Amino acid sequence: PSPAISEKVLAQVLEGLKPGSTWIEMSTLGRDEIQRLAKLAGAKGVRTMEAPVTGGVHLAAQGKITVLAGGDTDLFELHKPALQAMGGQLFHMGPLGSAAIIKVITNMLAFIHLVADGEALMLAKRGGLDLAQSWAAIKASSGTSFRKISAVTIASPSAVWRPITATPNRSAISSSRCDGCCG
C-alpha cells in the first residue's frame, strides 16, 4: 500500500496498542516515510520495526518469502521467531529505514532484469526466432536469472513483446515505493 494507506492503518492500530507495544510495518515504504510513521507511533509509546518482503508471490505461496527487517536490534530479536515463521530467509539490515533502502535496491534490480528480458526477446523476435524456443534457451543458459524464471514465465512466451525504455525518476532513499507491482 501507499504511505497514506499505511498511515491510516497505523492510526487505527494505535487506538488499540498499549505503550510498549511494537508496530511492524511490512509495506514497501521509503526510508523517510517509515521514519516519519515511526515518530507518530513513538508519540503514543509504540516502537516500530519495518519488515518488507521480497521474492514474489510464488515464494510467498511456498512459505519461502524473504523478510528484510529494519529497526532496533532488541526489537528484531524479540520478534525474530514470528518473522522467521513468515518465510524463508530473514535479514536484519540495521536501524529503521535500512530495510526500505535494500528493498528499493532489490526492486530496482528486478526491474532491470525485466527490462533486459523484454529487450532480449525483442531481439529474438526481430531475428525471426520462435519466442517460446528462445525463452527456453535463455532459461537454460548463462543468460538466465531468478527474476526471469520467477516473473516472466508467468506470461505467455508467445505474447507480443515491446521494449521498455521508461525509467522512474525517483530517489531510491527518500521517495521510492512499491504499489503492489512487485515482490
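Here's a quick rundown of the structure. (Residues numbered from 1 in each chain as written. Predicted model: local features only at pLDDT ≥ 70, side-chain atom pairs only at ≥ 80, totals over all residues. Heavy atoms only, no water.)

## Some remarks on the overall build of the protein
Here is the rule: Under the DSSP-based scheme used, a helix requires at least four consecutive residues in state H or I and a strand at least two consecutive residues in state E, with every element numbered from the N terminus. Each residue is placed in one exposure class: buried if its accessible area under a 1.4 Å probe, protein chains only, is under 20% of its type's maximum, exposed if it is over 50%, and partly exposed if it falls in between. We call two residues in contact when some of their heavy atoms are within 4.5 Å. We get accessible surface area from the Shrake-Rupley algorithm with a probe of 1.4 Å; when it comes to residues, only the shown protein chains can shield them.
Within the protein, the secondary structure is distributed over seven helices and five strands. Relative to its 183 residues, the protein shows a buried fraction of 37%. When contacts within the protein are restricted to residue pairs at least 6 apart in sequence, long-range pairs at least 24 apart make up 65% of them. Total accessible area computed for the protein in this model is approximately 10200 Å², and 60% of it derives from carbon and sulfur atoms.

## A look at the pairing of strand E2 (residues 47-50)
How we decide: Strands qualify as paired when DSSP identifies two bridges or more between them. When the strands point away from the viewer and the path from the first strand over the helix to the second turns clockwise, the crossover is right-handed.
Across four bridges, the pairing between strand E1 (residues 22-25) and E2 is parallel. When the bridges of E2 are listed, Glu 25 appears paired with Glu 50. On the question of chirality, the crossover connecting E1 to the parallel E2 by way of helix H2 (residues 31-42) is right-handed.

## Digging into the sheet that holds strand E5 (residues 90-92)
The pairing of strands in a sheet happens through backbone hydrogen bonds and is either parallel or antiparallel. Let me state the cut-off plainly: Axes here mean lines fitted to C-alpha atoms, for a helix over just the part in contact, with angles spanning 0 to 180 degrees between N-to-C directions.
If you trace the three strands from one edge of the open sheet to the other, you get E3-E4-E5, paired in mixed fashion. Two strands lie at the open edges of the sheet, namely strand E3 (53-54) and E5, each paired on one side alone. Sheet analysis places strand E4 (residues 66-69) next to E5, joined by three bridges and oriented parallel. Opposite Leu 68, over in E5, you have Phe 91 as the bridge partner. Along the sheet, helix H4 (residues 73-86) contacts E4 and E5; its crossing angle with E5, the most-contacted strand, is approximately 170°. In the packing of helix H5 (residues 98-126) onto the sheet, the strands contacted are E3 and E4, and the crossing angle to E4 comes to about 140°.

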